[in-house]
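In case you want the letters, here they are:
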Amino acid sequence: MFRLKANKSRLGVAVAATRNSTTTTTTHGNHYQYLQTSKLPTLYFQRSLPRLPIPLLEKSCERFLAAVQPIVSADEYRQTQQVVEEFRQGIGMELHAKLKQRDEANKHTSYISQPWFDMYLADRVPLPLNYNPLIVLKNETRPEYQQQVVRATNVIISSLRFWRSLQAHKLEPEIYHMNPKKTDTDSYRRWMSIAPKAFATYASYAFKAFPLDMSQYSRLFGTSRIPRIGKDELVLSPDSKHILVMRRGNMYAMNVLDSSGYIESPSVILGRLKSIINLDAQREPASVPLGVLTSAQRDDWARSRAHFISSPKNADLLQREVDGALFCLCLDGVEDGVYNDDNPAPLLKELLGGKSTNRWFDKSISLLISADGTTSINFEHSWGDGVAVLRYLNEIFRDTTRQPYVSSSTPHTPADGDAHNVRSLNFEIDDKTRAAVETAYSKNASIIANLDMNVLKYPSLNKGICKRHGLSPDSIMQLSFQLAYRQAFQRYVGTYESCSTSAFRHGRTETMRPCTMATKAFCEAVLQPSQRQPSAGELRAMIDKCSSVHGQLTKDAAMGQGFDRHLFALRHMAQLEGLPQPALYETEAYRRINYNIISTSTLGADTVIAGCFGPVVKDGLGLGYSIMNDMAGAIVTTYKDQAQGKEFIDSLESAFDTICSVIERSSSAAKAQAISN
């Protein structure tokens, strides 16, 4: 799905003071209108970013064979070797040449960008669980800022400050700093500002600071996925001045920018949100919650939408107020759940898909504010990947906690009766639309009822322990998943871990395959009876080997040297050329490696408390995980009648125990040996 890695060095432009301004005359200055005022324009490095390389065909074939070897039999592997060799010497060479030619003719982008968009937009499955992931921010520790309407107001303001900074090219460029203390500095920015734009990225490399692609950022706000028969489309409204607010299935449009494009004052935004809550309290929950339609199979939703907008009033409201909104804000009720740290699964399940009555899954960004102020994001995935979303979340979390503009005691500017700035969306609902909503609700409810979610928190493993023992935290987590699955279900399966390729222009992601011959060797060794098991030192050496292999896979993927996207693009080329699908794509090995029973995504951010997504195959595991300073954790989703999530979670805890024991025993043995010498 998506691999998220936070840039811990970016602190943004933060001021510790809380601001409770209530007049528009004091909010037009840069200090309020912009989150950042970067010395370097936001897209300063974009022109000079290197292009995503197309790997050598020979290397992709080698990497494919290495990835499938642990999950196929010896006979299947030999057969696959033969098919791959025929592909490499035959049709593969032809397709590779055509791909190179096409890439050369489109130097403004990457070879994977358009096919990847097409793949997302052409898939007909519902967005909840299948594509839209969930990320939950840490709660505010101060009660006066955690109240739902207060948190919502502050999140809106910070989001708009981020958006306006981006539009004005004042947002800091996205840069991965190897040594932030040396390069995330004014001195570095001064040096970069005098570097020729055509070579700025390469000048930055000299400082061990790596600029990242920001082409996706323009679609963070004001973007909607519109259902069409066969293939959806993205519609952008970058000049929009309002957001969509949903409460109990009722829909409202709320202006947040004034006629000149300035962010409205905090008291005005607070007042307009309160007026929506007051207005909604005078109504019943929506009897026909239209948002449910966005949870439907995409062709079903396309047909329902086509009928719905046959009404001119509906067409105008839907396109102008819903599709055209900057983002969607969902104000949930107590009945929708609140966060419980001891048992977060019920709320996470509701936020991930839930009843869908108070959601519009087609928006690029939906901010979900629970009744207790818990703040989450559910985002449509086709427009972009986790790097842009996590940057946005990190920035707004820090902004709202370091300089919140309103608190529970802030006076608001009343907006009751202001039908210009707070608009209730009253659609024309006929029997056909009513029936479509009922059908979509029933289907989604059935899917959600069949979704199981299991959570594990493991305090005995954390980043510090891994660092102390010279181990990669991510490789240890991935090794634990392989051991857990092997000891629970006695086999090895296709496993997916995503890595960003945003170091390249219009890069998206590359797949890493964490199930390797090294992880398989360790699992088989450590599961031997104790009398036949290798020593702790030997097992530790095998862990080191796993970490080394995983590290190389990570490096290859980040540098655009994986094999998944290359083979995907070659198959796409065959389709474009009207050629038969090559035999490689018909092999059991190719099918098995792409049937991702274990699909993983990591959240490397100290601003996030949870993240989850649905299984990508019906009998698979959707495995969101993190390893932090105080613990390791995992959230696993499964379909109840297809996979055993509880068995996996129990096995994962055992796997953590086993690996931690090996690490500790080998360390103790090494220390004893050193003393004896």
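Residues numbered from 1 in each chain as written. Predicted model: local features only at pLDDT ≥ 70, side-chain atom pairs only at ≥ 80, totals over all residues. Heavy atoms only, no water.

### Focus: the overall build of the protein chain
From N to C terminus, the protein chain includes 23 helices and 19 strands. C-alpha extents for the protein chain along the principal axes are approximately 75 × 60 × 55 Å. With 677 residues in all, the protein chain has 58% of them scored as buried. Of the roughly 26400 Å² of accessible surface on the protein chain, 53% is carried by carbon and sulfur atoms. Looking at charge distribution, the protein chain has the averaged site of its 78 positive side-chain charges lying 6 Å from that of its 69 negative ones. (Helix = DSSP H or I, 4+ residues; strand = E, 2+ residues; numbered from the N terminus. Buried < 20%, exposed > 50% of the residue type's maximum accessible area, 1.4 Å probe, protein only. Areas by Shrake-Rupley, 256 points an atom, 1.4 Å probe, with all protein chains shown as cover. Lys, Arg positive; Asp, Glu negative; His and termini not counted. Charge placed at Lys NZ, Arg CZ, Asp CG, Glu CD.)

### So, the state of the cysteines
All chains considered together, the criterion is met by zero disulfides. The cysteine C330 is free of any disulfide, with C328 supplying the nearest cysteine sulfur at 3.6 Å. Take C499: it sits in no disulfide, and the sulfur closest to it among the cysteines is that of C515, at 18 Å. When its relative accessible area of 5% is taken as the criterion, C499 is described as buried. (Disulfide = S-S within 2.5 Å.)

### Thoughts on the nonpolar core
Grouped together as the largest cluster of nonpolar side chains are 80 residues, with contacts concentrated most on F64, L461, F522, I543, L567 and F648. No other element matches helix α23 (residues 645-676), which puts nine residues into this core. With near-sequence residues (within four places) excluded, F522 lies in contact with L479, L483, L539, M542, I543, C546 and I659. Membership of the second largest hydrophobic core comes to 55 residues, among which are V245, I369, W383 and V406. (Core = buried A, V, L, I, M, F, W, Y, C linked by side-chain atoms within 4.5 Å. Contact = heavy atoms within 4.5 Å.)

### Describing the packing of aromatic side chains
Within the structure shown, the criterion is met by 22 aromatic pairs. Between Y458 and F656 the ring centres are 4.9 Å apart and the planes differ by 40 degrees, which places this aromatic pair in the tilted class. Of this pair, Y458 sits in strand β13 (residues 451-458) while F656 is found in helix α23, placing the two residues 198 residues apart along the sequence. In terms of burial, Y458 and F656 fall into one category: buried. Residues F481 and Y625 carry aromatic rings whose centres are separated by 5.0 Å and whose planes lie at 75 degrees to one another, so their mutual orientation is edge-to-face. Within this pair, whereas F481 is found in helix α18 (residues 473-489), its partner Y625 is found in strand β18 (residues 621-627), the two being separated by 144 residues in sequence. According to the relative accessible area criterion, F481 is buried, its value standing at 0%. Through a chain of ring-to-ring contacts, three or more aromatic side chains come together here, namely F64, F87, F563, Y585 and Y590. Residue placement shows K170 over the ring face of Y34; its charged tip is 5.2 Å from the ring centre. A cation sits over an aromatic face here: R508 above F117, 5.1 Å from the ring centre. (Phe/Tyr/Trp six-rings, centres within 6.5 Å; stacked < 30°, edge-to-face > 60°. Lys NZ or Arg CZ within 6 Å of the ring centre and 35° of its normal.)

### Focus on unusual backbone geometry
For H169, which is not a glycine, the phi torsion comes out positive at approximately 60 degrees. Mapped onto the elements, H169 comes out in the loop between α7 (148-167) and β3 (175-177).

### Overview of the sheet that holds strand β9 (residues 328-331)
Strand order in the open sheet made by the eight strands is β12-β8-β7-β9-β10-β11-β2-β17, with mixed pairing throughout. For this open sheet the edge positions go to β12 (422-424) and β17 (608-612), each flanked by a neighbour on one side alone. Neighbouring strand axes in the sheet, compared pairwise and without regard to direction, differ in orientation by 20 degrees on average. Sheet topology note: the strand β8 (residues 250-255)/β12 ladder contains three bridges and is antiparallel. Paired with M254 across the strands is V422, a residue of β12. Relative to β8, helix α11 (residues 266-281) is tilted by about 160 degrees, and along the sheet it contacts β7 (242-247), β8, β9 and β12. Contacts between helix α13 (residues 312-323) and the sheet are confined to β7, β8 and β12, with β7 contributing the most and set at about 100 degrees to the helix. (Pairing = 2+ DSSP bridges. Axes fitted to C-alpha atoms, helices over the stretch in contact; angles between N-to-C directions.)

### A few points about helix α21 (residues 564-576)
With 13 residues, α21 should reach 18 Å at 1.5 Å per residue; the first-to-last C-alpha distance of 18 Å fits that figure. Burial runs high along α21: ten of the 13 residues are buried. Those residues of α21 not exposed but buried are D564, R565, H566, L567, F568, A569, L570, H572, M573 and A574. Among the residues trailing α21, G578 stands out with phi positive, at a value near 70 degrees. (Expected span 1.5 Å × (residues − 1).)

### Structural notes on the pairing of strand β10 (residues 365-369)
Across the five residues of β10, five count as buried, placing the element largely inside the fold. The alternating pattern of β10 places I365, L367 and I369 and S366 and L368 on opposite faces, both of which are buried. Sheet topology places β9 next to β10; four bridges connect them, and they run parallel. Bridge pairing in β10 links C328 to S366. For the segment spanning β9, helix α14 (residues 345-352) and β10, crossover handedness is right-handed. As judged from the five bridges shared by β10 and strand β11 (residues 375-379), these two strands associate in the antiparallel manner. Residue pairing for β11: L367 is matched across the bridge by I377. Here β10 folds back onto β11, and the loop between the two strands holds five residues, one of which, G373, carries a positive phi near 90 degrees. (Right-handed = clockwise from strand over helix to strand, strands pointing away.)

### Re the pattern of salt bridges
Pairing between side chains of opposite charge can happen when the charged atoms of each approach one another. In the structure shown here, the tally under the stated rule is 43 salt bridges. The salt bridge partner of K107 is E104, with a shortest N-O separation of 2.9 Å. What makes K107 partly exposed here is its relative accessible area of 45%. R248 is paired through a salt bridge with D280; the nearest N and O atoms lie 2.7 Å apart. Of this pair, R248 sits in the loop between β7 and β8 while D280 sits in helix α11; the two residues are 32 residues apart in sequence, bridging distant segments of the chain. Through salt bridges with shared partners, a single ionic network connects R124, R225, D232, R298, D299, D362 and E380. (Salt bridge = Lys/Arg side-chain N within 4 Å of Asp/Glu carboxyl O.)

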